[in-house]
Amino acid sequence: MRLRSTGLIALLSVSALTLSACSGGDDTEPEPAASTADVAEFPEGSTMAKLAEAGKITVGTKFDQPLFGLVGPDGVPEGFDVEIARIIASNLGIDEDGISWKETVSANRETFIKSGDVDIVVATYTINDKRKAEVSFAGPYYLAGQSILTLTTTTDIEGPDDLAGKKVCTVAGSTPEANLLANFPDTEVVPFGTYSECLEPLRNGQVDAVSTDNVILAGFAADNEDLEVRGEPFTEEPYGIGLGLEDDEFRTWINDTLEAAFADGSWTEAWEATAGTVLPTPEPPAVDRY
Amino acid sequence: MNVIFDNIPAYLTGFLMTLKLSLVSGILALICGLFLAAFRVSPLTPLRALATTYVELLRNTPLTIVFFFLVFVAPQFGILAPLGFWTAVIALSAYTAAFVCEAVRSGINSVQFGQAEAARAIGLTFGQSLSLVILPQAVRTVIPPLINVFIALAKNTSVAAGFATVELMASGRRLATANPADTVWVLVGVALFYLAITIPAGILAGVVERKVAFAR
């Protein structure tokens, strides 16, 4: 069995090399040629080689997060997370048809990675130490931060220091909720099921503010004229790409890919096409090769 | 497994909230349900129609929608229920009252019609014959279905987790976020604490049932 599979890999690599040689010779389009050439460069047996050979990748992302991963009527998710996943897929030589999108919500991201249901997760996935014990993280590719959204007519909340004694709405069981409970003991936390459910109680005066990652709040502020984001972000939420635990080869390769995307402007391009429509374009973050 | 023992205080806070919700809504639902049942068997057509409409409306609406209505729709008509505990109590007791009413009504119907006729014949009013003759007999048949209703209520309190109430389920979600490796055990702990309410309720039902049992 082992012999046969080694033989198969050898055969595939040879054919890949031949193919790349061919396409390099007579193909006028540079892009496919380059990506096919990449396939041959991957070390044998690595996750990159496996994905590239299969020509398929399964990406876990959010389906309900405006600006980052939001599924439109056509069923294809749009957003910055989605563009980042596309950059990685194209560097593996996988085209649009080879990417299958799978919805991951905050509670099931680790489980999906561990069970192999998804190859990578790009889903506003904050890197933290507890999660690092379960999965590996490449990136970060973006630094978000928790911020505050309130009515434009509110005068007594200008930043995180004004939250004492106020009612702040967030999502039950989310990281922002945990932050509020740990760092704002005088604030009354009002947990709902989703962030959009916080908006009506905010307008009715039943809560004073909504708090979560600034990128989510910016989406709401852009869609609703009566709402605005106040103050500077008061936490750091580095968004990373989740992959299988201890797949260091794959992690290093994604980190290299991200750095290349930072350098050649494709990261900025992806940002400006999605979240950049309502948020200023930031400097690319420094990749954390832990 | 250890995640449950390490977080007993967090579980207890949620558990107490769930218990408080179940008790307060249970008592309110029992009172409203009794009145609704009395309305449903009363000789006055408008009262019967009112109670029937209420029961059919609430009994056939999902509890989540009752919550949604109270939290997101009612404010548009100027009705602002205090968010959190009291919203949950109102939604849960309004919803459960419909089920209490039907359980009690079935008990009332189980008492032979002759009893009501005899009570009226000796000059008791409708209220007197209901409270002195019929309900004491009806209670015996009503206990088991009523306990069912209250067990369902205890579990239904989990719906409040999505509506600004930090009860057992919401505490469980917080713990799951804090312990991503032990999500399954966190939920097992939540289930155990629900059992701590529902199993004693079932035992209590058995005891009460034996106490009030009578030879027919």
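Residues numbered from 1 in each chain as written. Chains lettered and ligands numbered in written order. Predicted model: local features only at pLDDT ≥ 70, side-chain atom pairs only at ≥ 80, totals over all residues. Heavy atoms only, no water.

Condition: UniProt positions are given in the numbering used here, feature names are shortened, and annotations may be inferred rather than shown by experiment.
Chain B has the name Amino acid ABC transporter permease in an unreviewed UniProt entry, where Pengzhenrongella frigida is given as its organism. The annotation that UniProt attaches to chain B under Sequence similarities (unreviewed entry) is "Belongs to the binding-protein-dependent transport system permease family. HisMQ subfamily." A UniProt comment under Subcellular location (unreviewed entry) is attached to chain B, and it reads "Cell membrane".

If you look chain A up in an unreviewed UniProt entry, it shows as Glutamate ABC transporter substrate-binding protein from Pengzhenrongella frigida. What the UniProt record of chain A gives under Sequence similarities (unreviewed entry) is the line "Belongs to the bacterial solute-binding protein 3 family."

**What to know about the domain arrangement of chain A**
Residues and elements named next belong to chain A. Formally: Each domain's extent is set by a domain assignment, obtained either automatically or from a database. Residue contacts are defined here by distance: any two heavy atoms, one from each residue, within 4.5 Å place the two residues in contact. Accessible surface is computed with a 1.4 Å probe, and the buried area is the amount of it that two parts give up when combined, taken over both parts together.
Entries for chain A in the domain assignment read domain 1 (1-41), domain 2 (42-144 + 237-277) and domain 3 (146-230). Distance between the C-alpha centres of domain 2 and domain 3: 28 Å. Between domain 2 and domain 3, the contact holds eight residues from the first and eight residues from the second. Carbon and sulfur atoms supply 52% of the area that domain 2 and domain 3 bury against each other, a total of about 730 Å² over both sides.

**Considering the UniProt feature "domain: ABC transmembrane type-1" (unreviewed entry) in chain B**
This is how it is decided: In this description a helix means any DSSP run of H or I spanning at least four residues, a strand means any run of E spanning at least two, and both kinds are numbered starting from the N terminus.
Per the UniProt record, "domain: ABC transmembrane type-1" (unreviewed entry) is annotated on residues 15-205 of chain B. Taken end to end, residues 15-205 of chain B has its terminal C-alpha atoms 21 Å apart, with 80% of it in helix and 0% in strand.

**Details of the confidence of the model for chain A**
Cut-off, in case you're wondering: A residue's pLDDT is the confidence the predictor assigns to it, expressed on a 0 to 100 scale.
Per-residue confidence for chain A averages 83 on the pLDDT scale, and 86% of its residues sit at or above 70. pLDDT under 50 marks residues 16-39 of chain A. Its contacts with residues more than four places away, or in other chains, come to 10 contacts.

**What about the state of the cysteines?**
Residue and element names in this part refer to chain A. Defined as follows: Pairs of cysteine sulfur atoms within 2.5 Å are what we label disulfides.
Tallied over the full model, the rule gives one disulfide over all chains. With a sulfur-sulfur separation of 2.1 Å, Cys 169 is cross-linked through a disulfide to Cys 198. Looking down the S-S bond of the Cys 169 and Cys 198 bridge, the torsion is -75°, so its handedness is left-handed. Of the two residues, Cys 169 is situated in strand S9 (residues 167-171) and Cys 198 in the loop between strand S10 (188-192) and helix H8 (199-203); the sequence distance between them amounts to 29 residues.

**Digging into the packing of helix H7 (residues 126-156) of chain B against helix H9 (residues 183-212) of chain B**
Residues and elements named next belong to chain B. To keep things clear, this is the line we draw: Working convention: axes come from line fits to C-alpha atoms, limited for helices to the stretch in contact. Angles between N-to-C directions cover 0 to 180 degrees. Just so you know how the angles are binned, under 35 degrees is roughly parallel, over 145 roughly antiparallel, 65 to 115 roughly perpendicular, and the rest oblique.
Relative orientation of the contacting elements H7 and H9 amounts to 175°, with a least axis distance of 10 Å. For the element pair H7 / H9, the angle class is roughly antiparallel. Contact residues: Arg 140, Ile 143, Pro 144, Ile 147, Ile 151, Ala 154 and Lys 155 in H7; Tyr 194, Ile 197, Thr 198, Ala 201, Gly 202, Ala 205, Val 208, Glu 209 and Val 212 in H9.

**Focus on the nonpolar core**
Defined as follows: To form a nonpolar core, buried Ala, Val, Leu, Ile, Met, Phe, Trp, Tyr and Cys residues must be joined to one another through side-chain atoms within 4.5 Å. A 1.4 Å probe rolled over the protein chains alone gives each residue an accessible area, and that area as a share of the maximum for its type sets the label: buried under 20%, exposed over 50%, partly exposed in between.
Counting residues in hydrophobic clusters, the biggest one holds 102 residues, and the most contacted among them are Ile 120, Tyr 141, Ile 241 and Ile 254 of chain A. The leading source of residues in this core is helix H5 (residues 85-110) of chain B, at 13 residues. Here this core gathers at least three residues from each of two domains, domain 2 (42-144 + 237-277) and domain 3 (146-230) of chain A. If you look at the next biggest cluster of nonpolar residues, it comprises 13 residues, including Phe 15, Leu 168, Val 186 and Phe 193 of chain B.

**Considerations on the side chain of Asn 179 of chain B**
Summarising the element assignment, Asn 179 of chain B is placed in the loop between helix H8 (168-178) and H9. Note on Asn 179 of chain B: relative accessible area 16%, which makes it buried.

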